[in-house]
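# Coordinate inspection notes
Here is what each chain is made of, one letter per residue.
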Amino acid sequence: TIESPVGVLKAVEVASASADVVALMIDVVDYLQYIGADVTQGSVASLMARSTVVNAARAARVQPLESDWTETRGDEEFQQSTRDAKSLGFDGRGCTHPQQVRSVHACFAPSPAEIDHAKQVLAAVEAAKPATAILGSKTVSAQAVARASRVLHIAEKLDLIATPRSSGTC
């Protein structure tokens, strides 16, 4: 868990310290206290640190996790904060209360629009082989293909889409 300015500045080192590291989490409340900022859940003072943790985790190929939400009330605030975390690139967040788990799962699960877009990306790549794929008016990057594959993998794991099965024939 990253909790201090030094931790933020060394986040890549922390995330890369061992093959046993699978995730990197920021503790926003502790971080804000360290820097002397307003300690509120949605504080913009934590934006740089949160973005740095996401980038460090991605660079080290581990999951970036958003801080847990310490307030047990204010469900709409919690859900907005969780949507914001997803939009920053976090894969999940800590929960301090069992009632938060369902909301976190729902927020981080791929939406129908995300699933549809991922399918479109992969279909465009397949149709264009070996040329560069184009979806709409944009070329499809390797990163877009990786993200689309990841979205569909998560959707399959959550039973949001059917898992492709072998026909059983050779």
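Residues numbered from 1 in each chain as written. Predicted model: local features only at pLDDT ≥ 70, side-chain atom pairs only at ≥ 80, totals over all residues. Heavy atoms only, no water.

With that settled, consider the overall build of the protein. Helix and strand content of the protein: eight helices and five strands. The N-to-C order of helical and strand elements in the protein reads α-α-β-α-α-β-α-β-α-α-β-β-α. Projected onto the principal axes, the alpha-carbon positions of the protein cover approximately 60 × 35 × 35 Å. Across the 170 residues that make up the protein, the buried fraction comes to 33%. Here the contacts in the protein between residues at least 6 apart in sequence split such that 63% fall between residues at least 24 apart. (Helix = DSSP H or I, 4+ residues; strand = E, 2+ residues; numbered from the N terminus. Buried < 20%, exposed > 50% of the residue type's maximum accessible area, 1.4 Å probe, protein only. Contact = heavy atoms within 4.5 Å.)

A word on helix 6 (residues 98-108). Along helix 6, the positions that sit buried rather than exposed are Q100, S103, V104, C107 and F108. Buried residues of helix 6, viewed axially, fall in a sector of 120°; they line one side. Away from its buried face by more than 90 degrees, helix 6 exposes P98, R102, H105 and A106. Looking at the buried positions of helix 6, the neighbouring elements they touch are helix 5 (75-88) and strand 3 (92-93). (Arc of directions from axis to C-beta.)

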